[in-house]
Amino acid sequence: MDSIKIQSLFTYPIKSTKGVKNSSISVSESGFIHDRNFAIIDENNKIITARERPELLKVEAIIKKTKLYINFTNNAIVVDLANFSKKTIQVSLFNEITTVKPIDDQINDLLSEYLNQECKLIKFYASKKNIINKAFNDLAPIHLISIASLHDLNKKLKTPLTIHNFRPNIVISGCDAYEEESWKILKIGSCEFDVISKTERCSMTTIDPNTLQRNKQQEPLRTLSTYKKENKSVNFGIYLMPVTLGHIKYSDKIKIT
């Protein structure tokens, strides 16, 4: 167990945009701080993801103090986080309704031009009345994969993938392939996490984050379904729920139950 180490820590400030690598990160009840706290909605108040618009995978968003820095392919803008409305609206994500704060800013024009459709930047609104308390994550606040599991999968694929196809928050090394699926409790430094489920994979994994092209053979889902399918779910990685909050970094010791 002493050989298990953190290899990478990622956050995705705006849902479906490029991952940001962190050397350390704060852990809150809703997951990593600043992770998927923002999203983009269409004219029907439905959250847009890279499943529909792969172009989002090329957008980089970084938060520094009270500013959100957004870099497009040929453009960049700084958004003042104080500009988000005090009023809230309801939006839809995978048929779940959540409360958010919209922004009236030049960024909406740039996003609309970039995606060639009317859209708006929103911020997750954490409150006791908001029944969803995991920002804009798919199912759980934190997603973990192991390098060993990725290497095992790549042995079965014609074209190897990188961790970026799976968009994890935590990447670990030093364990056996798929060993993480047997864990119940994970302690990193002073922070503790419950392992709540395996991660069900979707079509996002078939999109090359560099070329934005979809794999015509539906890989890696097709290969994963031959040995990682349970009921109707194709799984890869695990979901974590924070129990003890705090701060984690690369050098923290990892304890597994």
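In what follows, the structure referred to is the one given above.
In what follows, the accompanying structure is described. None of these values were measured; they are calculated from a predicted model. (Residues numbered from 1 in each chain as written. Predicted model: local features only at pLDDT ≥ 70, side-chain atom pairs only at ≥ 80, totals over all residues. Heavy atoms only, no water.)

### Some thoughts on unusual backbone geometry
Working note: non-glycine residues mostly have negative phi, and peptide bonds are mostly trans.
Here's step 1: In this structure, the amide linkage connecting Glu219 to the following residue, Pro220, adopts the cis form with an omega of 10 degrees.
Here's step 2: Structurally, Pro220 is set in the loop between strand S16 (191-200) and helix H3 (221-224).
Here's step 3: The residue His34 is not glycine, and still its phi comes out positive at about 70 degrees.
Here's step 4: On the secondary structure map, His34 appears in the loop between strand S4 (31-32) and strand S5 (38-42).
Here's step 5: Phi is positive for Arg167, close to 50 degrees, though the residue is something other than glycine.
Here's step 6: Positionally, Arg167 belongs in the loop between helix H2 (147-155) and strand S14 (170-173). (Helix = DSSP H or I, 4+ residues; strand = E, 2+ residues; numbered from the N terminus.)

### Brief notes about the packing of aromatic side chains
Here's step 1: All chains considered together, the criterion is met by 6 aromatic pairs.
Here's step 2: Here the aromatic rings of Tyr178 and Phe236 are separated by 6.3 Å at their centres, their planes lie at 80 degrees, and the arrangement is edge-to-face. Within this pair, whereas Tyr178 is found in the loop between S14 and strand S15 (185-188), its partner Phe236 is found in strand S18 (residues 233-244), the two being separated by 58 residues in sequence.
Here's step 3: Using a relative accessible area of 16% as the deciding quantity, one classes Tyr178 as buried.
Here's step 4: Aromatic ring contacts, followed pair by pair, group Phe166, Tyr178, Tyr227 and Phe236 into a single cluster.
Here's step 5: One residue, Lys64, lies across the ring of Tyr69, its end atom 5.6 Å from the ring centre. (Phe/Tyr/Trp six-rings, centres within 6.5 Å; stacked < 30°, edge-to-face > 60°. Buried < 20%, exposed > 50% of the residue type's maximum accessible area, 1.4 Å probe, protein only. Lys NZ or Arg CZ within 6 Å of the ring centre and 35° of its normal.)

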